[in-house]
There are 2 protein chains.
Amino acid sequence: MNIPVLPPTRRRPLSHKTVTLAHGGGGSAMRDLIDDVFLATFSGDGRAAPEDQARFDLAALMAHGDRLAFTTDGFVVDPLFFPGGDIGKLAVCGTVNDLAVGGATPMALSCAVIIEEGLPVETLRQVAASMAETARAAGVAIATGDTKVVARGACDKLFITTTGIGVVRRGLDVGIARARPGDVLLVNGLLGDHGAAILNARGDLALETAIESDCAPLNGLIDILIAAAPGIRMMRDATRGGVAAVVNELAEASAVGVRLKELSLPMRAEVMGFCEILGLDPLYLANEGKILAVVPPEEADAALAALRAHPLGREAAIIGEVTAQRPGRVVMQTRFGGERIVDMLVGDQLPRIC
Amino acid sequence: MNIPVLPPTRRRPLSHKTVTLAHGGGGSAMRDLIDDVFLATFSGDGRAAPEDQARFDLAALMAHGDRLAFTTDGFVVDPLFFPGGDIGKLAVCGTVNDLAVGGATPMALSCAVIIEEGLPVETLRQVAASMAETARAAGVAIATGDTKVVARGACDKLFITTTGIGVVRRGLDVGIARARPGDVLLVNGLLGDHGAAILNARGDLALETAIESDCAPLNGLIDILIAAAPGIRMMRDATRGGVAAVVNELAEASAVGVRLKELSLPMRAEVMGFCEILGLDPLYLANEGKILAVVPPEEADAALAALRAHPLGREAAIIGEVTAQRPGRVVMQTRFGGERIVDMLVGDQLPRIC
């Protein structure tokens, strides 16, 4: 899109308290909304590049590695605000993490919003401020954007699509097909908090416990992990579909078996209780600040120590291993000593979790 | 997002005729939808990169220029299909054109879809096929994507966000602030067709005329234009807000006056008639295959000839000039010999035009 830029002196504070269709029309009302809510928040001095595209010097990017990484994600989470985060924080973390798990240093994000007519401008400001704060924490720029407004009822409040570019470190080769028998599986902390927090925030349960989403940018943690375990095979963020989806993809793509230990899965008692009440399987619960990493056995201790030394990895644990038996299958040793197959979720456990 | 990849033999054709919430849940239903509808369509052999991010060799990108361009756009057009195009074609053209007008060679797009539960799978297939066809025509890859499904009523059928990366030619410096007095304004053809086609397709008017959207990827045309007019100052696609928005931004950013000649504006009689009936100003109508270009006077003839030699520029015309008078203002010499100020649109002429 074109982001028309006004000299700061010509900017007008928005007079509307809610977003109207005029704010998506390509005229001066849209310009005022973008200036007042997004540009002033996303760029330090309230000024953005006057062109409709962000530009980056390729030679400067090459200083970080040899491959450009490119990934996108739409966010439709309901509710917009929840304990531990909001749709804006989620939209930044989700794409930063998608870049980082591929071994890329995240560089910049784009942000395309679709707004329902009638959304309070103050809500949009809060979301934009949260995006800006999270982007700063992750060390990425929000470099370009787009704004659309649809009539009341044509979307539910606010959807955000972020797309990210990053640069993959030279010589690093992580991938879902790279696991080998003997490799070790680690996670960086407690599982299921995001899914439980969203469900709880919807208020259907009125539980006393205040479970917070684990939503966080993981690129700093991943830098440290890669330094400690340079032979690392794979990383994935365990978002929609949870840990179960990631380990099943891994087993299939690498043609290996995966063996998990239920007793080793780090999980809050509240989340386990929550799942029992609702008949949910915590292995399928979404996380927004957790990665599953696969490392060769000789690097497992160093990887675990590195994760635990980082604030976002204090509860890190080894949760399983890669085997040669039953390629394509994930088996969990249960807390009662038995075994069960962990299949990929077929349908939908929880809609609009991210 | 993660695009889980199955070996082709394990792919199952979708059994559902409509999209369900399960198709957005991160499990195997989502994988089947992505495999069957998107991957099979977007990649020639039905296989995509198994990682959740697309990767590009930076050294290979540098062969095309020295700067990476990055831009995003959300598409919420209503109806999804209209004469001359559909939301998929629009989503590819819009982002390809946003890259190209900045002087970038478009390289790849990402595609994030938000689908309303109940959308016929066949509709999604048609849109994906249209995206693939348009991307092929434009010479860009659709390299990565994301799929979300929301409950019935939480969005209107289908929204698509495309984000593009491209490489800006070495030595080329186009920009909205670069116009100088004496420069010449050109467009590559008939104005207002897209806006008129969408309005007509909504069926409120039941006009006999079948106006088609001008929706087209313009990167090929722009290559030829730049070769013919290497001193080119600026290009912009005249989408939301129409020609009026672009010339007003230009006048402001370059601190120049702009003088348009109404009689020189290429426009169909049907579109003019349409605007008269509805009380619309054709200068504000959206285009999806039209650029406004500013070139130095000595290159104007060559630019016009180059545009006219291209199939997407046959009706190209010189429509005005840049002046030193009244910086920031756009004045149009009307067909009756008078003058009027062309201001930026304040509100919204037509919602959900793109």
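The rules behind these values
- Residues numbered from 1 in each chain as written.
- Chains lettered and ligands numbered in written order.
- Predicted model: local features only at pLDDT ≥ 70, side-chain atom pairs only at ≥ 80, totals over all residues.
- Heavy atoms only, no water.
- UniProt positions renumbered as here; feature names shortened; annotations may be inferred.
- Least-squares fit on C-alpha atoms with pLDDT ≥ 70 in both.
- Contact = heavy atoms within 4.5 Å.
- Phe/Tyr/Trp six-rings, centres within 6.5 Å; stacked < 30°, edge-to-face > 60°.
- Helix = DSSP H or I, 4+ residues; strand = E, 2+ residues; numbered from the N terminus.
- Buried < 20%, exposed > 50% of the residue type's maximum accessible area, 1.4 Å probe, protein only.
- Lys NZ or Arg CZ within 6 Å of the ring centre and 35° of its normal.
- Polar contact = N/O pair within 3.5 Å; in protein donor to acceptor, adjacent residues only side chain to side chain.

With an unreviewed UniProt entry as reference, chain A is termed Hydrogenase expression/formation protein HypE, source organism Xanthobacter autotrophicus. What UniProt states about chain A under its Sequence similarities (unreviewed entry) heading is, verbatim, "Belongs to the HypE family."

A.B. asks: In this structure, what is going on with the relation of the copies chain A and chain B? I would like to understand it.
C.D. replies: Look at the two chain copies: a rotation about an axis and a shift along it is all it takes to match them. Relative to chain B, chain A is turned by 180° and slid 0.0 Å along the rotation axis, the superposed coordinates differing by an RMSD of 0.0 Å. Taken together, these values place the two copies in the relation of a two-fold axis. Among all residues of chain A, the minimum C-alpha distance to the rotation axis is found for Cys155 of chain A, at 2.0 Å. In this assembly, 100% of the residues forming the interface of chain A have copies in chain B that are likewise at the interface, indicating an isologous arrangement.

A.B. asks: How should the packing of aromatic side chains be read in this particular structure?
C.D. replies: Two measures describe an aromatic ring pair: the distance that separates the ring centres and the angle between the ring planes. One pass over the full model with this rule turns up 5 aromatic pairs over all chains. Between the aromatic rings of Phe159 of chain A and Phe159 of chain B, the centroid separation amounts to 6.3 Å while the plane-to-plane angle is 50°, which identifies the pairing as tilted. Taken together, the residues span two chains, with Phe159 of chain A in strand E7 (residues 158-168) and Phe159 of chain B in strand E7 (residues 158-168). In this pair, the class of Phe159 of chain A matches that of Phe159 of chain B, namely buried. Positioned over the ring face of Phe75 of chain B is Lys148 of chain A, at 5.7 Å from the centre of the ring.

A.B. asks: Looking at this structure, how should I read the side chain of Asn248 of chain A?
C.D. replies: Residues and elements named next belong to chain A. If you trace the backbone, Asn248 turns up in helix H7 (residues 242-254). Among the residues examined, Asn248 registers a relative accessible area of 7% and is labelled buried. A polar contact of 2.9 Å, which involves the side chain of Asn248, links it to the backbone oxygen of Ala244. Those residues in contact with Asn248 that sit more than four places away from it in its chain are Val330, Val342, Asp343 and Met344.

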